[in-house]
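# Results of the structural survey
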Amino acid sequence: GGKRQKKGAAAAAGGGMAMQEQMRRDARAGRFADGRAVGGLQSWQRRQLQEDGDSEYDSSGGEEELDLSTLTVKGTCTDLEKSYFRLTAAPDPSVVRPEPVLRRALDRLVGLLRQDAVNYFYACDQLKGMRQDCTVQHLRGGVAVAVYEAHARASLEYGDLAEFNQCQTQLASLYPDPLQQLQQQQGKGGIGSSNGSCSAASAPAAGQVAAGCVAEFVAYKVLYNAAHAHVGANKTVLLHTLRTAMALAGTPVDASGCIAHALASRAAAASCNFPVFFRLYVTAPALGRALLDVIAPKLRWAALNMLVKAYKTNLPVSFVAGVMGFCPPPPQQDRSKSSSTEQQRDEPLPGCRHAVYVGKAAPAATVEEGVAACVQWLKAHGAVVEEPEGAEPQLDVKASCAGRLSIPEEPKVSHGDENLSLQDFLSRAALGLGSNS
């Protein structure tokens, strides 16, 4: 009798442990049943609890995300400097800046950037705070457009394409439909402030913050989508963008020629017309080179592979450097309008620190420097370069076969951002900016 009781107790204990283990497994599996951490409840159990109004069951699985579209706040804050903080509750109007204060805050930040008095992280933190104040007050006018445009330019100049993409996506919803606006304004002498010129005459505040630079950002969108067209649905987005851009090119909207230049650059990249692409790179208006920098390394790699397959004899490196854009282009008398505009600009665009963006793939100042840079690039990619004494370097196309070529690994830094200098890192730590900056 005693043995049977012990066996029964052990079985009961084992069954209890097995049941507890099964419950734990169900709980772990249930966390991902429908994307919510609901502790393993079956779908019919969740529906039943919701229908019964069980107050102990929270279908959200935790803290609900704050929906800013349901808030209506009229700010009263007068501070020009305010950091960004993620909202978890409705904001107090006393910490939200109204439109006139936001305009002055943006003017202040644009001035600091032009003086190179602040780094990108500080500017990004301040601009995200302005964007948040615009969002909670449902501001969609000139000041909101100017804030997003300035943030997009600052991100492009620094190389933060993720932040830039957020800004350009929001700008697409803030801008009026350029095609519809063009149809309404055709024959009326232009379309006002949306001509893409971003000049002081069209600036809404003290000639410092230009809003509605439609042509400039349509051009950026063409180049951005062209650089990422190989990723899934981006091909469809590119086609839609190209339809809009082609309809606007050559119209009063594109008075500055930004859209026409972007379309020509995309066509040169798509057709692997390397010399034309790198000539267009030199004349890129505004911050176009920042996006062409994404495409340039891929085209140089494609050019190298084509050259070693197409030629049987050695090639002078000066010829290779000219094809790949390492050498300055030959002087031309009919330079484009966008190029002359870039050379004449004496102050940065709103959100930028430099009047002209040089670019990572910019050609060297002289042919000799371009050839030296090309030799270094070729060797880094596995090509064989003969450097006879007293003669011009030659690319050995036979030895530089396709199987020998390789793309070198990009240098990695401990903090994950190659653009982040030690001084920027210390400045960011001193400001106390978190990951949301």
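Report on the accompanying structure. Please read all numbers here as calculations on a predicted model, not as lab measurements.

In this section: the overall build of the protein chain. From N to C terminus, the protein chain includes 16 helices and three strands. Burial statistics for the protein chain: of 437 residues in total, 41% are counted as buried. Long-range pairs, those at least 24 residues apart, make up 66% of the contacts in the protein chain between residues at least 6 apart in sequence. Accessible surface, the protein chain: about 23,500 Å² in total, of which carbon and sulfur atoms supply 53%.

Before going further, it helps to examine helix H6 (residues 161–174). Under the 1.5 Å per step criterion, the end-to-end length of H6 is 20 Å for 14 residues, consistent within 8% with the ideal 20 Å. Within the span of H6, buried status applies to Glu 163, Phe 164, Cys 167, Gln 168, Leu 171 and Leu 174. For H6, the arc enclosing every buried residue in end-on projection is 130°, short of the 170-degree limit, so these residues lie on one face. Turned more than 90 degrees away from the buried face of H6, the exposed residues are Ala 162 and Thr 169. Buried residues along H6 sit against helix H4 (120–136), helix H5 (142–158), helix H8 (214–227) and helix H12 (288–310).

Note that Ala 267 resides in helix H10 (residues 258–270). Since its relative accessible area comes to 34%, Ala 267 is described here as partly exposed. Residues Ala 267 and Phe 277, spaced 10 residues apart in sequence, show a C-alpha to C-alpha distance of 8.5 Å.

A word on the side chain of His 261. Secondary-structure assignment places His 261 in helix H10. We classify His 261 as buried; its relative accessible area is 8%. Engagement of the side chain of His 261 in a polar contact is seen with the backbone oxygen of Leu 280, the distance being 2.9 Å.

Turning our eyes to something else, we now look at the nonpolar core. Nonpolar side chains tend to gather and get buried jointly when the protein is soluble and globular. Counting residues in hydrophobic clusters, the biggest one holds 96 residues, and the most contacted among them are Phe 277, Met 324 and Leu 378. With 11 residues, the single largest contributor to this core is H5. Excluding residues that lie within four positions of it along the chain, Phe 277 makes contacts with Ser 265, Ala 268, Ala 269, Leu 292, Ile 295, Ala 296 and Leu 299.

All told, the structure shown has eight salt bridges when counted by the stated rule. With its nearest N and O atoms 3.3 Å apart, the salt bridge here joins Glu 99 to Arg 103. One end of the pair, Glu 99, and the other, Arg 103, are both in helix H3 (residues 99–114), four residues apart, so they sit about a helical turn from each other. On the accessibility criterion, Glu 99 (30% relative accessible area) is partly exposed.

Our next topic: the packing of aromatic side chains. Enumeration according to the criterion identifies nine aromatic pairs in this entry. An angle of 85° between the planes, with centres 5.1 Å apart, marks the rings of Phe 217 and Tyr 220 as edge-to-face. Of this pair, Phe 217 and Tyr 220 both sit in helix H8, three residues apart, which is roughly one turn of that helix. Each member of the pair, Phe 217 together with Tyr 220, is buried. Each ring, one from Tyr 311 and one from Phe 319, has its centre 6.2 Å from the other, and the planes form 70°; the classification is edge-to-face. Ring-pair connections join several aromatic residues into one group, and the members of that group are Phe 164, Phe 217, Tyr 220 and Tyr 224. The ring of Tyr 84 is capped by Lys 128, whose NZ or CZ atom sits 4.9 Å from the centre of that ring. The cationic tip of Arg 300 hangs over the ring face of Phe 326; the distance from NZ or CZ to the ring centre is 3.9 Å.

What follows is about the sheet that holds strand E3 (residues 394–395). If you trace the three strands from one edge of the open sheet to the other, you get E1-E3-E2, paired in antiparallel fashion. At either margin of the open sheet sits one strand with a lone partner, and together these are strand E1 (315–316) and strand E2 (385–386). Relative to E3, E1 runs antiparallel, the two sharing two bridges. Bridging from a neighbouring strand, Leu 315 pairs with Leu 395 of E3.

A separate point is the state of the cysteines. Per the counting criterion, the structure on display carries zero disulfides. Here Cys 374 is not disulfide-linked; the sulfur of Cys 327 is the nearest cysteine sulfur, at 7.2 Å. On the basis of relative accessibility, which here comes to 0%, the residue Cys 374 falls in the buried class.

With that out of the way, let us pick up the packing of H3 against H4. At a minimum axis separation of 11 Å, H3 and H4 run at an interaxial angle of 165°. It follows from the interaxial angle that H3 and H4 lie roughly antiparallel. Like other packed secondary-structure pairs, H3 and H4 cross with a definite hand, here left-handed. Along its contact with H3, which presents Leu 102, Ala 105, Leu 106, Arg 108, Leu 109 and Leu 113, the element H4 presents Tyr 122, Ala 123, Gln 126, Leu 127, Met 130, Asp 133 and Cys 134. Here the residues of the contact of H3 with H4 are counted per class, giving 10 nonpolar, one polar and two charged.

Rules used in this analysis
Residues numbered from 1 in each chain as written. Predicted model: local features only at pLDDT ≥ 70, side-chain atom pairs only at ≥ 80, totals over all residues. Heavy atoms only, no water. Helix = DSSP H or I, 4+ residues; strand = E, 2+ residues; numbered from the N terminus. Buried < 20%, exposed > 50% of the residue type's maximum accessible area, 1.4 Å probe, protein only. Contact = heavy atoms within 4.5 Å. Areas by Shrake-Rupley, 256 points an atom, 1.4 Å probe, with all protein chains shown as cover. Expected span 1.5 Å × (residues − 1). Arc of directions from axis to C-beta. Polar contact = N/O pair within 3.5 Å; in protein donor to acceptor, adjacent residues only side chain to side chain. Core = buried A, V, L, I, M, F, W, Y, C linked by side-chain atoms within 4.5 Å. Salt bridge = Lys/Arg side-chain N within 4 Å of Asp/Glu carboxyl O. Phe/Tyr/Trp six-rings, centres within 6.5 Å; stacked < 30°, edge-to-face > 60°. Lys NZ or Arg CZ within 6 Å of the ring centre and 35° of its normal. Pairing = 2+ DSSP bridges. Disulfide = S-S within 2.5 Å. Axes fitted to C-alpha atoms, helices over the stretch in contact; angles between N-to-C directions. Parallel < 35°, antiparallel > 145°, perpendicular 65-115°, else oblique. Left-handed = near helix turned anticlockwise from the far one by under 90°. Nonpolar A, V, L, I, M, F, W, Y, C, P; charged D, E, K, R; others polar.

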